[in-house]
Structure formats: structure tokens, C-alpha cells
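Summary of structural features
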Amino acid sequence: MSSMTRSEFLKNVVPFNLLPDDVVGGVADLLHEISYSKDTLIYQQEITKMKGVDIIVKGEYESFFYDSSHNKRLNENHGPGFCYGGVSVLLNRKRSLRTVIAKKGTLVYFLPRKDFRALCHAYENFFHHFTVDFGKRMLNEEFAHFAKKPTSFEESYIASEQLYSRKMESVEAREIVWCLPSTPIFEAARLMAINKTSCIIIKNEEGNATGYVTDITLRDKVVAERTDPEAPVGTIADNPVVKIDSQAYVYEAILMMFSSKTRYIVVEENGVLKGMISRNKLLSEQAQSPLVYIQSVKLAQSVDELKGKWEQVPQMITQLIGRGVNAEIVNQIITTIADTIALKVIEGVISEIGTPPAKFVFMVLGSEGRKEQTLMTDQDNAIIYEDKANEHREEVREYFLKFADIVSERLDYIGFSFCTGGFMAKNPNWTHSLSHWKRNYEEWMKDSLPETVIKFSTFFDCRYLYGEASIMEELWAFLDEKLQQPMEKLFFYMAKNALQYQPPLTSFFRNIRTITVGSQEVFDIKKAMTPIVDLVRVYALKNRIYKVNTGERLKALKEKGIFSDTEYQELTHSYYYLMAMRLKNQAREIMHDKSQPDNYIDPTSLTKIEQVTLKEIFKTIEDFQSRIKLEYTNNLFG
């Protein structure tokens, strides 16, 4: 068919008929034709990942839900002009909401997912067609029953059932910013800017909410129409204000927002307005992807809300590990959430105490620096600020020590406990100027004593989190220059550090050696992993590889030919197998035992396969320790 024929067809199809004519013509060029010659199962509910949406040109689709007995439920037949897949792409994790069979002789136009999403993003009425239709369908109890229930609990990263059991009081609402209808438009806009909100509520003299104004209202009704900014804000207000009781369920609020097309909903408690929640925040609260969950962390408005977000992470980690997600990816997710929380805290403190008097970087160290955080995590951080003239040094130092103290206190409250070793920015030893930090690193490398090597190792695993990247770049350039000099003594002590902990294997039948903690016989999985981190760090430093993550360092060492493919595979598999076991154990302790997580594992709680795998991993670590002993310690003494 010609493009014109496609365009004419689309103009009669809902919701494509809501798009401008020139856009419809462009969409027509993006379509692919697909034919079905016989009854074909093309989509399975909650299983098939939708690559786009289908528009039936001729023929028929049959769609339905399967119940647990494999009976068809809510059977529907769809003819020409019907669009399938929009709701699945937008609201169901890109999984087909229903099972679909294409009847013989069916022809469809297929629109790729990225193009469909672009249309939803650009044209609000087009997007609303799908969300409003879904909202109306969810009012059908039988449809809601099947639509809300994934095939298995593990298929969702955060339990979708929360949507139907959580009440609005559990969602952190923003304090309402309001003004009178007589307030000038520019003054209302100024209040929005001061309070950093995209919506202001209009209240009358009696305190009743009569309307609201958003950024979009200002764009469409003031800027676009050249309305006098001195005019009363009541003349441009949108209404009605959509309200919901704090005891209502979250899904009721979402349905209400979809059906009313509002972007904001006001929460009431006993008839009193308590706060306001945006549609984006409400949807991100229910996100079933960790990546979207991170967006909900970014939307958090208070330290208490950040604390609540961090407390939800163990449940997510349990589900990720249970679904077989690689521990390296899980580490990255934990680290990204932790980084996002830290950034929110840092930005909040700066907004409170004022702009820093000098350029600086807030860097994270240790496991956080390596992007290998677990659920038993403490603070490891430091601050480097630019060198200033003598008369400003005390002023600059006073600011950053105060800043570091507040940041550390808030992180501790959220759940990132103080470092017992004192490796924190609030410790005056670890908040200094760039020249002071260069001297630190130079002295640690020059002295090369066991205690200074431990400090160097900790601070070598450092990563820039916030501030002026050029400061960190200058420090790395300085380190690279120094590491080109002979450093055998440094590497000797670093190698010895990697040999301190022996894998917990007994020579008798190669059993797992345990220690007694309380009434249990356990082994420390963190200590079992440490030799891998330490020995990989030695090789990375020796070869001037400045990746911070253990996995990234291993890959770079393989690419340089330092490790063979086999050695790389053995170490990578060993490290992340132990990491997955460690994360799973910590999540179980938090969620099921309601206890503080630790790194102790009872070998008898493991399956036979897990025990055998552990023994092989410990043997692999022993072999690599022998190699590093030969290369770095024996060589020093000839």
C-alpha cells in the first residue's frame, strides 16, 4: 500500500486521528506490514515482550486472559482500526497484558516501540487515550484481578501488589503552596519558583481550594496568549482540584488521575488539605524496574523519605537475586541508589548552608568507591577542595568541615552508618586541600609500611561523586606520574596484604573451615572475597590501570594480557558468585529475620551444590595467592 493510503487509514484510527495531519504522514512511513495466514498465537500474557504496537488493517485479533486452569477469560475480538499493545508498552513493563491470537487473513501495521513512545511523549492527548482506557478497564473487577497479577511474584522487581494494598498516607506528599485568586500572576509564579514546585493551589477567603496553576498553565495561558502578568491568577486557574482521602488506596488515586487527566492530586485528612502529589511521583512510586525506582529516589523531598527509600532496597535485591540477575549488576543498582541518595543529601546541605567558598569534590572510597556496595554498608568518603590564598584557608576549611559533618550525620540517619575506622569526610584528616592530598598519597607510597599501604589501598579505591571533576583528574594525573617510578616496596606490602587472609578450607577432605560466632559455626564471606579484591588491585596498580571496579579491573588486565581468558573467567565467576551469596544472605537477615545484616554464613545452611562450588572457589583463590606470592614477595628478596 502507498504511504498516502496508510495516512488516510490512520486518520480514521483512534488515537492516531488525534495527531496533526503532517505527523500522521510521518508515522505512516514508519509502519511495517505484517500478515498472518492462519490462526497464530502472537502474544502471551505477562511473557511476550512487546516490540511495538499493532494496528489491525483487515482480519481479526482475539485477546483474552488465561486463568490458572488455562481457561480463556474476558474474551474480546478486535477488527480493523483496533490498536493493540499501547497499554502493555506504557503500563505493563513492556509485557503483553493479554494473550493474543491473530485470525487467518489478518494484516496489521506495526509501529516500533521507540516511535510509539516518542508520540506519547510529544502528544499528550495521544498518550492519554491509552492511560484513560486502561483506567476505565481497571474499574471492572475481573479485569483488575487479572491485570494486576503477574505470572509469578519474581517477575516484578517491586511487588505490584503494593499498588493495591498501599494507602495514600504512606506516600510522601509535598507541602501545598497556595495563594488567593486575587494574587497577580507574576507573584504566583514567583512563589512557585521560590518553593521549587510546578503547581500552586488557588484558595478562596474561606480556605477552599478553587483551582490550580501549573508550569503548563503559565506556558499555555500566559506566555502563549500574552496575558498581562499583573492580572489576577484566578483568571487563568485550571479546575477542578482533584482530591482524595489519605485512607484511600494508591490505585484509586492513579485511576482518578487518569480519568480526570490531572497531573496533581491533593490529599485530604478529615476534610483538611494535607499535601499534594504529582502523577509522575505516584507512578514512579509503583515502578517495577529498579531503574525507574531510582527516579523515585530522585523525587524524594525529605531525609525521612530517603531513609524510607533505602529501607525498601533489600526487598528489591531479594527479587533480583532470586531472578538470577548477575551480582555485578545488583552491585551497580545498590551503588546507584546509594549515590542518588548521597547526591540528594549533598545538594540539600549546600542549599541550606550556602554556596561552597571553593571548588571541591566529594569522593567515595572502599567498596562504595569500587561500586561494590552491599546491604551492610558504612560511610567511606572524603573531600578535596582547591588550594586558596592563605587569608582564605581557615574560612574554606571551616565551611567544608561543617558541610562534611552535616552530610555524614544525615547519611548515618538514612542508614549508611559511620565508618568505625574513621574514613569519613567529617574526620578532619580526610577533608583537605588538593596539595595536602597529594602529599598524603606521596607519603603513603614513599613510606610503604603495612599501615600506610592499607590507607593507600583504601584511598586508591576512590571515585568522584560530586563537585569539580577537574580536581579529581589532577589527582589521578599526579598518581600516574608517581606510579611510573620504582615502587617494589609498595607492591610487596600490598601483595602481603592480599595474602593475609587464607580461604576457609581445611586440608582434611577440603572441608570449609568455620569460626564460632555466638552459638553458630560460620565463615566470614566478606573475608573470603577480600583476597580477590586485594590481588586484583595490586595487578591494576602495577599496570597503571585506573578502573575502580574489581570486575572492570579484571577485564582490563585480561585485555592487557596480564590474565588469560581462563584466569579472568575463574576470578570473575568466583568473585560474583560469592557476592551473590553475600547479598542474598544480607537481604534474608533484614527481611525475614528482622535483624542487622552481617557477613557470616553457616555452611550447613547451603545446598550440596553451593558447598561444592564454594570449595572450588576457595581453591581458585589459593592458586592465585600462590601466583602473587611468587611474583611480588619472592622477587623482592631475589
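Residues numbered from 1 in each chain as written. Predicted model: local features only at pLDDT ≥ 70, side-chain atom pairs only at ≥ 80, totals over all residues. Heavy atoms only, no water.

**Some thoughts on empty space enclosed by the protein**
- Throughout the structure, instances matching the rule amount to one cavity of 30 Å³ or more.
- The space that makes up the largest cavity amounts to roughly 70 Å³.
- A338, A342, F362, V364, E368, Q373, D378, Q379, N381, L411 and F416 together form the lining of the largest cavity.
- For the lining of the largest cavity, the secondary-structure elements that each account for two or more residues are α14 (327–353) and β15 (360–364). (1 Å grid on protein atoms, 1.4 Å probe; cavity = no way out; pocket = protein on both sides within 12 Å on 5 of 7 lines; lining within 4 Å. Points joined across faces, edges and corners; volume = space filled by probe spheres on them. Helix = DSSP H or I, 4+ residues; strand = E, 2+ residues; numbered from the N terminus.)

**Some details on the pairing of strand β20 (residues 520–524)**
- Bridge count for strand β19 (residues 515–517) against β20 is three bridges, and the pairing is antiparallel. The partner of V517 across the bridge, within β20, is Q520.
- The hairpin formed by β19 and β20 contains two residues between the paired strands, and G518 there has a positive phi angle of roughly 65 degrees.
- In terms of strand pairing, β20 meets strand β21 (residues 600–601) through two bridges, oriented antiparallel. Paired with D524 across the two strands is Y600, which belongs to β21. (Pairing = 2+ DSSP bridges.)

**Some points on the sheet that holds β20**
- One open sheet holds the three strands; their spatial order is β19-β20-β21, and the pairing between them is antiparallel. Each edge of the open sheet carries a strand with a single partner, namely β19 and β21.
- Sheet strands in contact with helix α21 (residues 525–542) are β20 and β21, and its direction is about 20 degrees off that of β20. (Contact = heavy atoms within 4.5 Å. Axes fitted to C-alpha atoms, helices over the stretch in contact; angles between N-to-C directions.)

**So, the nonpolar core**
- By size, the foremost hydrophobic cluster in this structure holds 111 residues, and its most contacted members are F403 and Y441.
- For this core, the element with the highest residue contribution is α14, accounting for twelve residues.
- Counting 40 residues, the second-largest nonpolar core is a separate cluster that includes M50, Y61, Y84 and L97. (Core = buried A, V, L, I, M, F, W, Y, C linked by side-chain atoms within 4.5 Å. Buried < 20%, exposed > 50% of the residue type's maximum accessible area, 1.4 Å probe, protein only.)

**Focus on the packing of helix α8 (residues 185–194) against helix α9 (residues 215–223)**
- Between α8 and α9, whose axes approach to 11 Å, the crossing angle comes to 150 degrees. Judged by the inter-axis angle, α8 sits roughly antiparallel to α9. In the crossing of α8 with α9, the sense of the turn from one axis to the other is left-handed. Residues I185, A189 and M192 of α8 form the contact with α9, whose own contacting residues are D215, L218 and V222. (Parallel < 35°, antiparallel > 145°, perpendicular 65-115°, else oblique. Left-handed = near helix turned anticlockwise from the far one by under 90°.)

**Section: the confidence of the model for the protein**
- Across the protein, pLDDT averages 87, with 92% of residues at or above 70.
- With pLDDT under 50 throughout, residues 150–161 is counted as low confidence; its partners more than four residues away or in other chains account for 32 contacts. (pLDDT = per-residue confidence, 0-100.)

**Points about unusual backbone geometry**
- Following V14, the chain continues to P15 via a peptide bond in cis, the omega torsion being 10 degrees.
- Within the element layout of this structure, P15 appears in the loop between α1 (3–10) and α2 (21–30).
- In this model, R226 sits at a positive phi of 55 degrees, which is unusual for a non-glycine residue.
- Topologically, R226 is positioned in the loop between α9 and β12 (243–245).
- Backbone geometry places K371, a non-glycine residue, at a positive phi of 60 degrees.

**Some words on the layout of surface pockets**
- Taken as a whole, the second largest pocket holds about 1,500 Å³ of empty space.
- As for the second largest pocket, its lining consists of 49 residues, of which S367, M376, D378, K526 and R582 are closest to the centre.
- It is α21 that contributes the most residues to the lining of the second largest pocket, eight residues altogether.
- Here the lining of the second largest pocket is composed, by residue class, of 19 nonpolar, 16 polar and 14 charged. (Nonpolar A, V, L, I, M, F, W, Y, C, P; charged D, E, K, R; others polar.)

**A look at the environment of T530**
- When you line up the elements, T530 lands in helix α21.
- The class of T530 is partly exposed, set by a relative accessible area of 29%.
- Sequence-wise, T530 and A498 are 32 residues apart; in three dimensions their C-alpha atoms are separated by 7.6 Å.
- A distance of 2.8 Å separates the side chain of T530 from the backbone oxygen of K526, its partner in a polar contact. (Polar contact = N/O pair within 3.5 Å; in protein donor to acceptor, adjacent residues only side chain to side chain.)

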